[in-house]
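Here's the letter readout for the chains.
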2 protein chains.
Amino acid sequence: MREELIQAAERARRAALALANLGRREKDRAILAMADALEAREEDILKANALDMERGEREGLSPAVLDRLLLNPKRIREMASGLRHVASLPDPVGEVMEGWTLPNGLVVTKVRVPLGVMGVIYEARPNVTVDAAGLCVKSGNACLLRGSASAYNSNSVLARILDESGAAAGLPEGSVQLAPGTDHETAREMMRLHGYIDALIPRGGESLIRTVVEEAQVPVIETGIGNCHVYVDRAADLEKALRILVNAKTQRPAVCNAAETLLVHEAVARDFLPMAARALKERGVELRGCEKTRQILPEAKPATEEDWYREYLDLILAVKVVGSVQEAVEHINRYGSKHTEAIVTEDLSAARAFTQAVDSAALFVNASTRFTDGGEFGFGAEIGISTQKLHARGPMALKELTTYKYVVWGDGQVREG
Amino acid sequence: MREELIQAAERARRAALALANLGRREKDRAILAMADALEAREEDILKANALDMERGEREGLSPAVLDRLLLNPKRIREMASGLRHVASLPDPVGEVMEGWTLPNGLVVTKVRVPLGVMGVIYEARPNVTVDAAGLCVKSGNACLLRGSASAYNSNSVLARILDESGAAAGLPEGSVQLAPGTDHETAREMMRLHGYIDALIPRGGESLIRTVVEEAQVPVIETGIGNCHVYVDRAADLEKALRILVNAKTQRPAVCNAAETLLVHEAVARDFLPMAARALKERGVELRGCEKTRQILPEAKPATEEDWYREYLDLILAVKVVGSVQEAVEHINRYGSKHTEAIVTEDLSAARAFTQAVDSAALFVNASTRFTDGGEFGFGAEIGISTQKLHARGPMALKELTTYKYVVWGDGQVREG
């Protein structure tokens, strides 16, 4: 199995070296061919997906997971139009990011180039296979994809269609590959492919991320854990605060940019908390509050220390009353996951202090945490949301799938000192 | 020991959060105070260094290692003036790198911020303690430094002087710390400080780098292994080629940007190799050649497959005759370490093909590989040379010690779709 994986990785590496030299025209042509092929081979895809669905039902997967697994003609058309959209985006590769001339006459240019071979480890949803392949090809990267066992048949046929149609349209063979195997051991072996995989993106729950952090020998971009906060300042417009909080908590509670903790300044807690509790209760949200919160909202359950760390991904909200912006900042920097936080305030100094001092990827002033998203940011797509600081932070799309190299032009210069 | 290390890391994390909020004026003042303190406490430094030197001599360290370990008044002045130079450089933090307004009115800004807590694991030279501290403080990062046992006394007194004088000038306590311990176990524990260390830079030989790659759970920037190539094209100006090759191989053979392999086009091999052999022999360089090389230079030893991978760091050069630019590119992409390569040619198409297709951090046209260096590139300093693709490539200085965050300004926006 390791043998087979290394062979796939070697193919990916060769493909990556060739892909890096393709121009936008060639890459776009291939991506459009991939989109056409998905639609043309709808029947094969649905057949493979039906096998995964049957097995999933037999094995008792939850309705939510089954829904994520399901492909239908509409979803296949959406995947294809996603690819066409990626083809329409600008090519990040080849940008001369900076350049200067040294005193000795050397002309230094810093040129954007693909990362090389991207590894992606992901769960359930087969559309990730298509999204990741499109973004990687567009940015000149080969990709080695390891989906979950539950989507094996769907992913296999999708990857085969993408690789074949891409190759027929001029991509190097092996540009898009599914890892041979869906078990944990395959994922672990991928994490150890140092020298083959230039960057590995795990997309999944906490336990996947933890395994990758502990075991990976290849460079990793951690994604996705979002313990996001909304802080309602003493100078907040409480109507705005309510709208933002309700949106951040309830619009889509199972995603990483949903809010998990409300921090509220003590000066407005008595006004705001009852309003918030009413609106949230209507939407089925359970509250877990600190002491002071429970003096105002006795119906809230008591929050434990552990609640401040939790990413519920559910209709639960931890609530804490704080005495100042500084206390809110300290709470977030201590318990947060460095993903996304929002402050609601009309006070410019409070907004500046918060955005300056909170150490998270995205900070919103008077807007919902739900906007941390490649599509919403205008990137046109997204391969994940980084919660680490190395390489990229927040929503990652085409530019974040690149690195650079220095190309330096001289005329015989040698070093003296 | 792990306990003590975690306490140090927690201090570093607190320091980092405070450091991120200091302006350039405060940081520069502290760096200048650190420089003054080094000079004022010259005697303490020399005393501590004498202990390390005595021990090193007793333990039979090589003269080269002892020389790297040695501090004297001149070297202390150089360290201090290095700090003063770093203080004079622009502050990378706070740069608004990009910004745009979304259709819903949200104003997105991408702001450069410090990475947070930098870990640096390094060997022998105590000046790294001072250089790393200066660069980290300037870029708003706290640092946790783990030097080698051989320099323990020197590093301890240097770190204490830097932290104390920095704190007296307004830096948060714990901004500059030496890890409590110099053994491998300390280094290993540092590699596992996930959540405390935002990026770890190992500076040292291959075995240190390998251990870090295998064991680190924190984000790592690999540095320093340089199997660099000089390719002499059929269209090369052979005088330029000779000057560049001799410089790249012999000006300082023990460093990572020195050349280790010469590739020469078969059309010029008969002219160039004898010239090169003569010049290199004068400088004591041993040649290890491929079959074709040895037909021209029978005195060269035969090169084995292993030689193409080697970073000699010594007066040895592997030599291979190739049939085309493409063959040179393929050789480099296969055996190289993605550090630095040079092409010597007057043919623009060959130069373009080479710089486009070789997958290395720095590519020189008609110039020596020795220029891959933060100082030479005009960065004013250097904390290492990255040979990975994630985050930074090539020489790293202040900008490479930063990341970014998104600060988004709204007026009550919530997400609809």
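Coordinates for the structure precede this section.
Residues numbered from 1 in each chain as written. Chains lettered and ligands numbered in written order. Predicted model: local features only at pLDDT ≥ 70, side-chain atom pairs only at ≥ 80, totals over all residues. Heavy atoms only, no water.

A. How the structure looks around the sheet that holds strand β8 (residues 259–265) of chain B. Sheet architecture is open: 10 strands sit in the order β1(A)-β2(A)-β16(A)-β13(B)-β12(B)-β7(B)-β8(B)-β11(B)-β9(B)-β10(B), paired in mixed fashion. Looking along the sheet, the strands with just one partner apiece sit at the ends: β1 (96–101) of chain A together with β10 (301–302) of chain B. Relative to strand β11 (residues 316–322) of chain B, strand β9 (residues 286–289) of chain B is paired through four bridges, and the arrangement is parallel. For Gly289(B), the partnering residue across the bridge sits in β11(B) and is Val319(B). (Pairing = 2+ DSSP bridges. Helix = DSSP H or I, 4+ residues; strand = E, 2+ residues; numbered from the N terminus.)

B. Inspection of the side chain of Lys389(A) at higher detail. Secondary-structure assignment places Lys389(A) in the loop between β14 (384–386) and β15 (394–396). Among residues more than four places away in sequence, those in contact with Lys389(A) are Lys338(A), Asp359(A), Leu115(B), Gly116(B), Asp198(B) and Thr403(B). (Contact = heavy atoms within 4.5 Å.)

C. Geometry of helix α11 (residues 266–282) of chain B. All names here are of chain B. Along its 17 residues, α11 runs 24 Å from first to last C-alpha, staying within 8% of the 24 Å computed at 1.5 Å per residue. If you look at α11, its biggest bend is around 45°, right at phenylalanine 272, and the proline proline 274 turns up within four residues after that. Residues Val268, Ala269, Phe272, Leu273, Met275, Ala276, Ala277, Ala279 and Leu280 constitute the buried set of α11. On its buried face, α11 sits against β7 (228–232), α10 (238–250), β8, β9, α12 (291–296) and β11. Just past α11, the residue glycine 284 takes up positive phi, approximately 80°. (Expected span 1.5 Å × (residues − 1). Bend = angle between axes of the 7 residues up to and from the residue. Buried < 20%, exposed > 50% of the residue type's maximum accessible area, 1.4 Å probe, protein only.)

D. Here's a closer look at the pairing of strand β3 (residues 117–122) of chain A. Residues and elements named next belong to chain A. Burial of β3 is extensive: six of the six residues sit out of reach of the surface. Where β3 meets strand β4 (residues 142–146), five bridges bridge the pair, whose relative direction is parallel. Opposite valine 117, over in β4, you have alanine 142 as the bridge partner. Crossover connection from β3 via helix α6 (residues 127–138) to parallel β4: handedness right-handed. Here β3 pairs with strand β6 (residues 199–203) via five bridges, running parallel. (Right-handed = clockwise from strand over helix to strand, strands pointing away.)

E. Examining the relation of the copies chain B and chain A more closely. Overlaying chain B with chain A gives an RMSD of 0.0 Å, the required rotation being 180° about an axis along which the chain moves by 0.0 Å. Here the two chains are linked by the operation of a two-fold rotation axis. Looking at the rotation axis and the C-alpha trace of chain B, the residue lying nearest is His391(B), at 1.8 Å. Of all interface residues in chain B, 100% are interface residues in chain A too; the two copies therefore contact each other through one and the same surface. (Least-squares fit on C-alpha atoms with pLDDT ≥ 70 in both.)

F. The packing of helix α5 (residues 73–88) of chain A against α6(A), seen in detail. Residues and elements named next belong to chain A. Direction vectors running N to C along α5 and α6 enclose 15°, while the axes themselves pass 10 Å from each other. The angle between α5 and α6 places the two elements in the roughly parallel class. As for how α5 packs across α6, the hand of that crossing is right-handed. Residues Met79, Leu83, Val86 and Ala87 of α5 form the contact with α6, whose participating residues are Asn127, Val130, Gly134, Leu135 and Lys138. Among the residues making up the contact of α5 with α6, the classes are represented as six nonpolar, two polar and one charged. (Axes fitted to C-alpha atoms, helices over the stretch in contact; angles between N-to-C directions. Parallel < 35°, antiparallel > 145°, perpendicular 65-115°, else oblique. Left-handed = near helix turned anticlockwise from the far one by under 90°. Nonpolar A, V, L, I, M, F, W, Y, C, P; charged D, E, K, R; others polar.)

G. Looking closely at the sheet that holds strand β4 (residues 142–146) of chain B. Residue and element names in this part refer to chain B. Sheet architecture is open: four strands sit in the order β5-β4-β3-β6, paired in parallel fashion. In this open sheet, the two edge strands, each paired with only one partner strand, are β5 (176–178) and β6 (199–203). Averaged over all pairs of adjacent strands, the angle between their axes in this sheet comes to 20°, without regard to strand direction. Pairing of β4 with β5 involves three bridges; the strand directions are parallel. Bridging across to β5, leucine 145 finds its partner in leucine 178. Of the strands in this sheet, β3 (117–122) and β5 are in contact with helix α7 (residues 152–168), which crosses β5 at around 160°.

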